[in-house]
Amino acid sequence: MTLEELPGDHRTAGRMEQAGDALEEVLSKALSQRSLTLGVYEAAKLLNVDPDNVVLCLLAADEEEAGDAALQIHFTLIQAFCCENDINILRVSNPARLAQLLLPAAGPEPPADLHCVLVTNPHASQWKDPALSQLMCFCRESRYTDQWVPVINLPER
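Small disclaimer: the values here were computed from a predicted structure and weren't measured.

**Student:** Whenever I open this one, the overall build of the chain confuses me. Can you help?
**Tutor:** Scanning the chain for helices and strands turns up five helices and five strands. Shown N-terminal to C-terminal, the secondary structure of the chain runs as helices and strands in the order α-β-α-β-α-β-α-β-α-β. A burial count over the chain gives 39% of its 157 residues as buried. Restricting to contacts in the chain with at least 6 residues of sequence separation, those with at least 24 account for 80%. When the accessible surface of the chain is totalled, it reaches about 9400 Å², and 54% of it is carbon and sulfur.

Below, the structure is given as structure tokens:
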């Protein structure tokens with residue numbers, strides 16, 4: 001049996017697909033409820049003022065931006081803050097799809113800063129949203145396997 005043939009691989013891929021679908025649903029609901037904060041600077045301001053209201057932090061960068069030292073420093077600081085405050089963190093590997101979800105009506109104008117997206121808890125309880133609960137479980141299970149910032153690939157539509 002080779003490493004590629006291990007039975008857990010198929011299960012992990014399925015979990016990531018489910019988590020991607022759940023993330024898409026959470027973002028759609030959060031967008032309609034206006035419970036999103038977009039941008040590294042805006043996210044830092046919100047985390048400083050009201051970290052208890054943040055339920056999920058998304059960090060997104062494509063391959064070209066992976067070498068941007070300033071962006072990676074911002075990510076490191078945000079990750080550390082989120083870990084200290086028990087905020088679940090996910091890395092999104094395809095920021096173009098994230099932009100499609102969050103800025104559907106954006107035309108030729110340059111897109112907003114989507115390197116960091118915070119989902120805040122609306123007035124309703126987070127546990128009433130099954131998609132958010134599924135993402136929380138995915139993050140917790142990932143931490144059990146020492147993957148503190150799991151990477152999610154949003155499904156293309």
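**Student:** What's the story with the confidence of the model for the chain in this structure? I'm lost.
**Tutor:** It should be kept in mind that the predicted coordinates are not to be read in detail where pLDDT is low. Taken as a whole, the chain shows an average pLDDT of 81; of its residues, 80% reach a score of 70 or greater. Within the chain, the element-level pLDDT minimum falls on helix H1 (residues 8-32), averaging 76, and the maximum on strand E4 (residues 116-120), averaging 94. The low-confidence segment residues 1-11 (pLDDT under 50) makes four contacts with residues lying over four places distant or belonging to another chain.

**Student:** Help me understand the pairing of E4, please; the structure alone is not making it clear to me.
**Tutor:** One face of the sheet, then the other: side chains in a regular strand alternate in exactly this way. Burial of E4 is extensive: five of the five residues sit out of reach of the surface. Bridge analysis of strand E1 (residues 36-38) against E4 gives three bridges, and the strand direction is antiparallel. For Thr-37, the partnering residue across the bridge sits in E4 and is Leu-118. Of the pairings in the sheet, the one linking strand E2 (residues 54-60) to E4 comprises five bridges and is antiparallel in character. Following the sheet pairing, Leu-58 is matched in E4 by Val-117.

**Student:** Hey, could you run me through unusual backbone geometry in this one?
**Tutor:** What is expected of a backbone is that most residues other than glycine have negative phi and most peptide bonds are trans. Phi is positive for Arg-34, which is not a glycine, with a value near 55°. By the secondary structure assignment, Arg-34 is in the loop between H1 and E1. Judged by its relative accessible area of 78%, Arg-34 falls in the exposed class.

Reading the values: rules and limits
- Every chain begins its residue count from 1, and numbering advances along the sequence as written.
- Given that this is a predicted model, residues contribute local features only at a pLDDT of at least 70 and side-chain atom pairs are listed and counted only at 80 or more, while totals for whole chains, interfaces and linings are drawn from all residues.
- The side-chain quantities take in all heavy atoms of the structure and omit both hydrogens and water.
- Strands are runs of DSSP state E lasting at least two residues, helices are runs of H or I lasting at least four, and both sets are numbered from the N terminus onward.
- Exposure is judged per residue with a 1.4 Å probe applied to protein chains only, and the accessible area is read against the type maximum: over 50% gives exposed, under 20% gives buried, and values in between give partly exposed.
- Contacts are assigned to residue pairs with any non-hydrogen atoms lying within 4.5 Å of each other.
- In this description, accessible areas are obtained by the Shrake-Rupley approach with a 1.4 Å probe, and a residue is regarded as covered only by the protein chains that are shown.
- pLDDT measures the predictor's confidence residue by residue and takes values from 0 up to 100.
- Being paired, for any two strands, means DSSP has found at least two bridges between them.

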